[in-house]
Amino acid sequence: EVCCVGFEPLEIYHNYQRDHSFPGIIHEYALWSDNKLLSLIRPEDASARSASVCRPYDAPDVERPRSVAWAATVKGRTLDSLSDEFGPFTNVALWLDIEFAELAALQGAKELLNSGSIKLINLETYAHLNLPAIVNLLCTQYGFKLRKVWNIGTDARRDAQDYIFTRD
C-alpha cells in the first residue's frame, strides 16, 4: 500500500490538489528542523517557477533578500513529528524540493533516519550551498549512499541539481 503525503505551506497551491488527481492530502506545513513559525520569502528577482525561500521567522533581517516580492508566516514541522501524527512511516521514499530548506528538514528527521524507515531520498539542492552538509549528514551519520545526480537545468542564476540517496 502506498501513502502519499504532501506538504505545502501556502494555501494558493492547494487549488492544485482540488483541480488535479493528487493521490493523497496536502498539509499546510513547511518542513524544518524543529516545530516553529517560519517566514517564507519570495525575492522579486525569483523566476516564475520558483517557490519561496524558507527561513526561521525570528532570524535576523540581514538574511532577507534585498528586494522582497512578498512574505508569509507559516507553521514549520519536523518530519519526525509528522511521522508521529500520520505514521508510523516505514519503507519511505522521501522527495524534497523545498527551496534551500532541505538540510533543515533532514535535521528534523533524526528518529526516522535512525530507525531506517527512510530508504530513498531524492532532493533538489544547490551544490555550492548546503550539499556538503547534506552528504555528511546522510552518508556519514546515517549510512546512505549518493547514487545519482542529474542537472535539472542551469543558467547564470540557477545551478540546482537533483540527488538520489539510498540506504541498502
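Structure: see above.
The present account deals with the structure reproduced in this document. Just so it is clear, the structure is predicted and the values come from calculations on it, not from any experiment.

### Let's talk about the overall build of the chain
Along the chain, the regular secondary structure elements total 5 helices and 10 strands. Burial analysis of the chain (168 residues in total) assigns 42% to the buried set. For the chain, restricting intrachain contacts to residue pairs at least 6 apart in sequence, the fraction spanning at least 24 positions comes to 60%. By element, 51% of the accessible surface of the chain is carried by carbon and sulfur atoms, the whole surface being about 9800 Å².

### Observations regarding the pattern of salt bridges
For the structure shown, the criterion picks out 1 salt bridge. Residue Arg-77 is joined to Glu-85 by a salt bridge in which the shortest nitrogen-to-oxygen separation is 2.6 Å.

### Regarding the pairing of strand S8 (residues 118-126)
Of all 9 residues in S8, 7 are buried, a share of seventy percent or more. Direction of pairing for strand S7 (residues 92-96) relative to S8: parallel, over a ladder of 5 bridges. The residue of S8 that forms the bridge with Val-92 is Ile-118. Alignment of S8 against strand S10 (residues 160-166), held across 7 bridges, turns out to be antiparallel. Following the sheet pairing, Leu-120 is matched in S10 by Thr-166.

### Some details on the nonpolar core
By size, the foremost hydrophobic cluster in this structure holds 25 residues, and its most contacted members are Leu-106 and Ile-121. Those elements giving two or more residues to this core turn out to be helix H2 (79-86), S7, helix H3 (102-107), helix H4 (110-115), S8, helix H5 (131-142) and S10. Ranked by residue count, the leading element in this core is H5, at 5 residues. In terms of nonpolar packing, the next biggest core, distinct from the first, is built from 7 residues, Ala-30, Trp-32, Leu-38 and Ala-101 among them.

### Brief notes about unusual backbone geometry
Phi at Asn-91 is positive, roughly 50°, even though this residue is not glycine. Assignment of secondary structure puts Asn-91 in the loop between H2 and S7. Classification of Asn-91 as exposed rests on a relative accessible area of 62%.

### Here we look at the side chain of Thr-166
Along the chain, Thr-166 turns up in strand S10. By relative accessible area, Thr-166 is classed as buried at 15%. Engagement of the side chain of Thr-166 in a polar contact is seen with the side chain of Arg-147, the distance being 2.8 Å.

### Comments concerning the side chain of Asp-162
By the secondary structure assignment, Asp-162 is in strand S10. Of the residues examined, Asp-162 reaches a relative accessible area of 5% and is grouped as buried. Of note is the side chain of Asp-162, whose polar atom sits 3.0 Å from the side chain of Asn-122.

### Quick look at H5
For H5, with 12 residues, the first-to-last C-alpha span of 15 Å sits near the 16 Å given by 1.5 Å per residue. On its buried face, H5 sits against H3, H4, S8 and S10. Following H5 by one or two positions, Gly-143 has its phi on the positive side, about 75°.

Calculation rules
- Residues numbered from 1 in each chain as written.
- Predicted model: local features only at pLDDT ≥ 70, side-chain atom pairs only at ≥ 80, totals over all residues.
- Heavy atoms only, no water.
- Helix = DSSP H or I, 4+ residues; strand = E, 2+ residues; numbered from the N terminus.
- Buried < 20%, exposed > 50% of the residue type's maximum accessible area, 1.4 Å probe, protein only.
- Contact = heavy atoms within 4.5 Å.
- Areas by Shrake-Rupley, 256 points an atom, 1.4 Å probe, with all protein chains shown as cover.
- Salt bridge = Lys/Arg side-chain N within 4 Å of Asp/Glu carboxyl O.
- Pairing = 2+ DSSP bridges.
- Core = buried A, V, L, I, M, F, W, Y, C linked by side-chain atoms within 4.5 Å.
- Polar contact = N/O pair within 3.5 Å; in protein donor to acceptor, adjacent residues only side chain to side chain.
- Expected span 1.5 Å × (residues − 1).

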